[in-house]
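Now for the letters of each chain:
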Amino acid sequence: MTTEDSKGHAAAYRDRLEDNHLFVERLRKAEALRRTGVNPWAHGFEVTHSAADIQAGWGERTAEELETEAVEVRVAGRIRFHRRMGKASFLKLQDGSSGSVAPGGDEEEGDDFQQVFLSLDGLGEEAFTFCRGLDLGDIVGVEGTLMRTRRGELSVKASQVTLLTKSIRPLPEKFRGLTDVEQRFRQRYVDLIMNADSRRVFRARARIVKRVREFLDARGFLEVETPMMHPTPGGAAAKPFRTHHNALDMELFLRIAPELYLKRLLVGGFERVFELNRNFRNEGLSRQHNPEFTMVEFYQAYATVEDLMDLTEELVESIAVELHGRRPDGRVVVEHGGQTIDLTRPWRRVTVAESVAEHFTLTPEEVTERAWLEAEAERIGLEGIEALDSGKLLMEVFEHHVDHRLLQPTFVTQFPASVSPLARRNDENPEVVDRFELYVLGWEIANAFNELNDPEDQHLRFREQLAMREAGDDEAMPMDEDYIRALEVGMPPAAGEGIGIDRLTMLLTGTESIREVLLFPHMRPEQAGS
RNA sequence: GCGCCCUUAGCUCAAUUGGCAGAGCAGCGGACUCUUAAUCCGUUGGUUGAAGGUUCGAUUCCUUCAGGGCGCACCA
């Protein structure tokens, strides 16, 4: 790049900063530093202590003790506060330990930014003047010794300050911070700097994911990765995203579920497998739905849904205990939107028909009668009722009246076979399958069933799905011939389950929108120039 | 996809029945050697989301569009 090009680019770069004087001022400072031989975007700095390290190691020391010890430290972080006086000033640095959650501890966010004391005496004229030009948002490295201020705050008395990164765009207002929901999601990097609650949620999410892995690992489950791009979308009732492979010139679908691949692994002899990863569904967005979402699916040979209900209670309760602890009375509760949710096991177990019957103060027999179901479907405003089987009608009534009212953890069991094409029929009643969905806060958190391993029945179910597909249901599953072939080789009896990690995280972090637990939730593109 | 609501300075928010677009923080200049959202004095900063309309005059009323929030629908 020639000097002329370089000048042209500098102008173009300034233009994209919209001539905002706040941005241009900082850029001017950066350029001034460069002229004195200081690169405002440095690399590398030896850090010996985090803010949390210093608090943990010397938090109880008195001013005198600190003076005697003369502990030398090198810290680094982003300037969040800068209080300037004539010949002294204070910085508050935010580092990766700021507001961190101690392992096994509660979720209290400590305001453990590291304060730095700068003085003309300690730094000398030139360095002190340089520090006066530092802006909120700049990242600096500081070398100094620990001290306690007159007001009692443990601080680093700086002997040397190095600018590591110049920040061109100012941070939001320091008191109220960034509250605009759209900007919080679009500029998550700013949100994470400004909002301890956001940091807390994503740290909690990481612990939940880690705990799920540990839990399954401890029970002998093998973590596997199966294709994200499927030639045949299957394993769930959902509309897929389509994509295209150029070299093979073939249509592919982003997976809506890993289910059919994981069960092929049961055939292969991996008797306990799980996959914790993304699924993609081409459907509407809501507070509970994002086009891509994370689910853990696991399959256990020789187990039944009964076993998985126990396992699910144990898993979720243990994560809740890790994040929130137990109450003195031994119960495990989480607060969510003014509700107290009691996750202490065991949880209520109720069949679909029972839950509907309870809502209408009828009996399970009454709410599964065709005439009653048709009449109720009519009241809901359902169309094409005659074409729907009774199981589908029952589910419609359940979804319209019951599921969103199941606030406390509830296993809903005994689903109609017609809405569960991959589940094994109940031996006593072939019209239902041994399946459960876990509801908490009215959200479906988990879904599990005894897996259908009879290839002939599976073939029949796929054909029924095909018929529904031809009748216009674009969420009905297509036939998967290779999956049938796998079942013909022989799949051990098994139960499998999927748990929605996003919703589980919402439940355990008290958040009400899935966007709060996704680092970069799906958004429409911003308009140019904004 | 449909309905309701929101969009004003970098950020957080004001602006009376339609009558000169303002404040705090941030920034800039100045004072101040222990501050805690530091304080004090002075000061820069606006295509009021975009386009159109009504009006002598529009941040304000109307239309369309964009983005966002909430609800419904779809779904997990």
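Before going into details, it helps to say that this report is about the structure given with it. (Residues numbered from 1 in each chain as written. Chains lettered and ligands numbered in written order. Predicted model: local features only at pLDDT ≥ 70, side-chain atom pairs only at ≥ 80, totals over all residues. Heavy atoms only, no water.)

1. A closer look at the packing of helix α12 (residues 352–360) against helix α15 (residues 390–402)
Put simply, the rule is: Only the stretch in contact is used when a helix axis is fitted, and all axes are lines through C-alpha atoms; the angle between N-to-C directions ranges over 0 to 180 degrees. Only DSSP runs of H or I covering at least 4 residues are called helices, and only runs of E covering at least 2 are called strands; the numbering of each starts at the N terminus. Each angle is binned into one of four classes, with values under 35 degrees roughly parallel, values over 145 roughly antiparallel, values of 65 to 115 roughly perpendicular, and all other values oblique. By definition, turning the near helix anticlockwise from the far helix through less than a right angle yields a left-handed crossing, and turning it clockwise yields a right-handed one. Should any heavy atoms of two residues lie within 4.5 Å, those residues are considered in contact.
Where α12 contacts α15, the axes come no closer than 10 Å and their chain directions differ by 50°. One way to sum up the angle between α12 and α15 is to call them oblique. As for the relative orientation of α12 and α15, their crossing is left-handed in sense. Contacts between α12 and α15 involve V352, A353, S355, V356, H359 and F360 from the first element and L394, M395, V397, F398, H401 and V402 from the second.

2. Thoughts on the environment of V350
Defined as follows: Using a 1.4 Å probe on the protein chains alone, a residue whose accessible area is under 20% of its type maximum counts as buried, one over 50% counts as exposed, and one in between counts as partly exposed.
Within the fold, V350 resides in strand β14 (residues 348–351). Of the residues examined, V350 reaches a relative accessible area of 5% and is grouped as buried. In contact with V350, not counting residues within four places along its chain, are S355, T410, F411, V412 and T413.

3. Some details on the side chain of E297
Heads up, the rule is: For this analysis, a polar contact is any N or O atom pair within 3.5 Å, provided that within protein one partner can donate a hydrogen and the other can accept it, and provided that sequence-adjacent residues contribute only side-chain to side-chain pairs.
By the element assignment, E297 lies in strand β11 (residues 292–301). At a separation of 2.7 Å, a polar atom in the side chain of E297 contacts the side chain of Y299.

4. Considerations on the sheet that holds strand β8 (residues 242–245)
The following threshold applies: The pairing criterion is simple: DSSP has to find at least two bridges between the two strands.
Sheet architecture is open: three strands sit in the order β7-β9-β8, paired in antiparallel fashion. The outermost strands of the open sheet, each flanked by one partner alone, are β7 (229–230) and β8. Where β8 meets strand β9 (residues 250–254), four bridges bridge the pair, whose relative direction is antiparallel. The residue of β9 that forms the bridge with T243 is L252.

5. Quick look at the protein's contact with RNA strand B
As a reminder of what qualifies: One heavy atom within 4 Å of a molecule or strand makes the whole residue count as near it.
Close to RNA strand B lie 57 residues; R83, K174, E182, H289 and E444 are nearest. Sugar and phosphate atoms constitute 58% of the interface atoms of RNA strand B, taking the interface as everything within 4 Å of the protein. A distance of 2.8 Å separates a base oxygen of RNA strand B from a polar side-chain atom of K92. Side-chain polar atom of K239 to a sugar or linking oxygen of RNA strand B: 3.5 Å apart, as the coordinates give it. For the surface near RNA strand B, the elements supplying multiple residues, two or more each, are α2 (21–35), β1 (72–84), β2 (88–94), β3 (114–119) and α7 (181–186).

6. Structural notes on the pairing of strand β15 (residues 410–416)
Summarising burial for β15: six of the seven residues are buried, a large majority. The pairing of β15 with strand β16 (residues 432–440) spans six bridges and is antiparallel. Its bridge partner being in β16, V412 is matched across the sheet by E437.

7. Notes on the environment of R200
Inspection of the secondary structure puts R200 in helix α9 (residues 196–218). Its relative accessible area of 14% is what places R200 among the buried residues. When the C-alpha positions of R200 and P478 are compared, they lie 42 Å apart, and in sequence the two are 278 residues distant.

8. Regarding helix α17 (residues 481–489)
Applicable threshold: This arc corresponds to the set of directions leading from the helix axis out to the C-beta atoms.
Turning to α17, its buried residues are Y483, I484, A486 and L487. Buried residues of α17 fall within an arc of 155° about the axis and therefore sit on the same side. Turned more than 90 degrees off the buried face of α17, the exposed positions are E481, R485, E488 and V489. Looking at the buried positions of α17, the neighbouring elements they touch are α10 (259–267) and α16 (455–470). One or two positions beyond α17, positive phi appears at G490, with a value near 120°.

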